[in-house]
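Commentary on secondary and tertiary structure
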Amino acid sequence: MSSSTALRDLQRDLENKANDLGKIQKDIAKNHQLRKKYTIQLGENELVLKELDLLEEDANVYKLIGPVLVKQDLAEANANVRKRIEYISAELKRLDATLQDMEEKQNSKREAIGKLQQRLQSIQAGKAKA
Amino acid sequence: MEPAAKGTVTPLASLFSEEDAKKAASFVEEKIGEKRVEMNRLQQFVEENTNLINLVTKLPDQLHHNVMVPFGKLAFFPGRLIHTNECLVLLGENYYTDRTSKQTVDVLARRDKTLQSQIHSLKSEIEDLQTEASFFTTTASEAMEGLVEIREEYVEEDSSATVLQSGVKESSGIPGGETAEAEVEDDEFARIMSRLNELEMQEEQDGEDADNRGEEPDFSIETVEESDYNMVKGIRDETEQNRTEYRKEETTISVPKKASGHSSSIREPRYSEAIVKGKVTEVLPEKHLHEDVDDPLTCIGPIAQYLPKEDQSRGGIPQQTARTWRDFQGTSAGSRAMAKTNVVGPQKIQTPIQKPEPKFDTNKAFTGSIVEHTHNLETNKPSPVQPSKPVSRFMARRR
């Protein structure tokens, strides 16, 4: 009797942990996608910055905002792009940190699940013998 | 064949199951497919870019172009393109800028460059993956065919002999050859050995070992090339060799002379003092050599020396094997050639130094280094000098 309740507890525990693990894995996948997006943006911004640096002082620079092209100062545009690059790299760093964190969590969860499974199996084996 | 105890046989299938290998292969193939798609996309970009470049370069050729202007999805109406030298270029991130056609072409060219570099990296990635995939598939097929993996203990004797023939041949060839060809000369050989020992002791006392040690490897390698017969012959008709030696040394043809030099110098006691002298003169140049030119040599040398030692400690190499090594010389020609070329450097540098001195001295200088080389031989036969040898060898290695 007691063994069956213990077994049930264990199974519930295992299910919870598996769910957690699934969640973490989803998060990691999301993180990967975000990171991909940001790296692409970073590359684009760097290209823009390069081109902006090559422009002469009096060049006309426009920014497309919605349907209209808004004229912008070159210096302003340059500063904006720089800031954006900074922001994106900071974001990438942050994503890296969280990714690492999540991976650690994932590993520990996996270990816990493995242990639970072993225990379950041993209990079941014991039951079968009994 | 080796006894069973020395090796293990494992079927490859037990290490990597065929299914797993196939799965891995298909996984990698999938990745390759993804990369290929990406590559195609990039190549399309490149194509579009080049088209655009062509267009933009052509536009300013005329003041205006008559074109059909798209209007909505289906309609066109005739129009005229004016301001053919002005382009509004999208830089990315919704930034646009006014550029002339020429400047636009520059921008596009830069873009093309980045695209090309991306394609290049993708290509190498794909190549990597392909080798990986082929590895997996071959593993799978091998596992399927029931291939077995045979592991055997590494036996230094044989393998070192074949792998580093150059080093082994030399040292092994000399003692082996002598005994084989003329056992009568054994006592002569022993005499030489004892003489060598003496010389060595002297050297060490002189405290110039360090310099000489640096040389060791070089000479050992040099001698490799023709030492086999040279040593054997050299001991018999040293005088002749001596003569030839002088001649050769002048011409800076290094290898054989040195080998012969050993044997001759070994015999005549007066050389020993000369050796010291020679060394002193050599010291400075040699140091330079070793630091600059000789480094590769020293790398090779110590190994060559080391191996022979092992062989001999194992109870001497049969002469026949020594001969087979000689047969192998053909295969080792490459490595020898290397040794030769390397050797040339130091010698060239040495010769100018030698010239001011009387020829005798120069020879001795060589012999000095040679004496060290003969240590190797001695290691083969247990002798009192042995303890010192390892030291020198280590020192050489450390260099």
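Taken directly from UniProt, the Subcellular location (unreviewed entry) text for chain B runs: "Nucleus". Quoted straight from UniProt, the Sequence similarities (unreviewed entry) entry for chain B says "Belongs to the RNA polymerase II subunit 5-mediating protein family."

Naming follows an unreviewed UniProt entry, where chain A appears as Prefoldin subunit 6 of Cardamine amara subsp. amara. What the UniProt record of chain A gives under Sequence similarities (unreviewed entry) is the line "Belongs to the prefoldin subunit beta family."

Regarding the overall build of chain B
When its secondary structure is counted, chain B shows 14 helices and six strands. Sorting the 399 residues of chain B into buried and exposed places 44% on the buried side. Considering only residue pairs separated by 6 or more positions, chain B has 78% of its internal contacts joining residues 24 or more positions apart. Accessible surface, chain B: about 21100 Å² in total, of which carbon and sulfur atoms supply 58%.

Concerning the overall build of chain A
When its secondary structure is counted, chain A shows two helices and two strands. If you list the helices and strands of chain A from N to C, you get α-β-β-α. Expressed as a percentage of its 130 residues, the buried residues of chain A come to 28%. Put simply, of all contacts in chain A between residues at least 6 apart along the chain, 79% involve residues at least 24 apart. Counting every atom, chain A has about 9100 Å² of accessible surface; 52% of that belongs to carbon and sulfur.

Concerning the interface of chain B and chain A
Across the contact, 14 residues belong to chain B and 21 residues belong to chain A. Buried area between chain B and chain A, both sides added, is near 1600 Å², and the carbon and sulfur share of it is 53%. One can count three salt bridges joining chain B with chain A. Between E93 of chain B and R84 of chain A there is a salt bridge; the shortest N-O distance is 2.8 Å. Across the contact surface, chain B and chain A share eleven residue pairs in polar contact (both at pLDDT 80 or more). Elements supplying a minimum of two residues to the side of chain B that touches chain A: strand 4 (86-92), strand 5 (95-100) and helix 3 (101-144) of chain B. For the side of chain B that touches chain A, the leading source of residues is strand 5 of chain B, giving five residues.

Observations concerning the packing of helix 2 (residues 18-58) of chain B against helix 3 of chain B
All names here are of chain B. Where helix 2 contacts helix 3, the axes come no closer than 8 Å and their chain directions differ by 165 degrees. Between helix 2 and helix 3, the interaxial angle falls into the category roughly antiparallel. Crossing geometry of helix 2 relative to helix 3 is assigned as left-handed. For the contact of helix 2 with helix 3, the class distribution of residues is 25 nonpolar, nine polar and twelve charged.

A few points about the pairing of strand 2 (residues 65-71) of chain B
Bridge count between strand 2 of chain B and strand 3 (residues 75-81) of chain B: seven bridges; the pairing is antiparallel. Its bridge partner lying in strand 3 of chain B, V69 of chain B is registered against F77 of chain B.

So, a nonpolar patch on the surface
Residue and element names in this part refer to chain A. On the surface, I65, V68 and V70 cluster together into a nonpolar patch covering about 230 Å² of accessible area. Here V68 is to be found in strand 2 (residues 68-72). For V68, a relative accessible area of 46% puts it in the partly exposed group.

Definitions and limits used
- Residues numbered from 1 in each chain as written.
- Chains lettered and ligands numbered in written order.
- Predicted model: local features only at pLDDT ≥ 70, side-chain atom pairs only at ≥ 80, totals over all residues.
- Heavy atoms only, no water.
- UniProt positions renumbered as here; feature names shortened; annotations may be inferred.
- Helix = DSSP H or I, 4+ residues; strand = E, 2+ residues; numbered from the N terminus.
- Buried < 20%, exposed > 50% of the residue type's maximum accessible area, 1.4 Å probe, protein only.
- Contact = heavy atoms within 4.5 Å.
- Areas by Shrake-Rupley, 256 points an atom, 1.4 Å probe, with all protein chains shown as cover.
- Buried area = accessible area lost by both parts, 1.4 Å probe.
- Salt bridge = Lys/Arg side-chain N within 4 Å of Asp/Glu carboxyl O.
- Polar contact = N/O pair within 3.5 Å; in protein donor to acceptor, adjacent residues only side chain to side chain.
- Axes fitted to C-alpha atoms, helices over the stretch in contact; angles between N-to-C directions.
- Parallel < 35°, antiparallel > 145°, perpendicular 65-115°, else oblique.
- Left-handed = near helix turned anticlockwise from the far one by under 90°.
- Nonpolar A, V, L, I, M, F, W, Y, C, P; charged D, E, K, R; others polar.
- Pairing = 2+ DSSP bridges.
- Patch = residues over 30% accessible without salt bridge, like charges linked within 9 Å, V, L, I, M, F, W, Y side chains within 5 Å.

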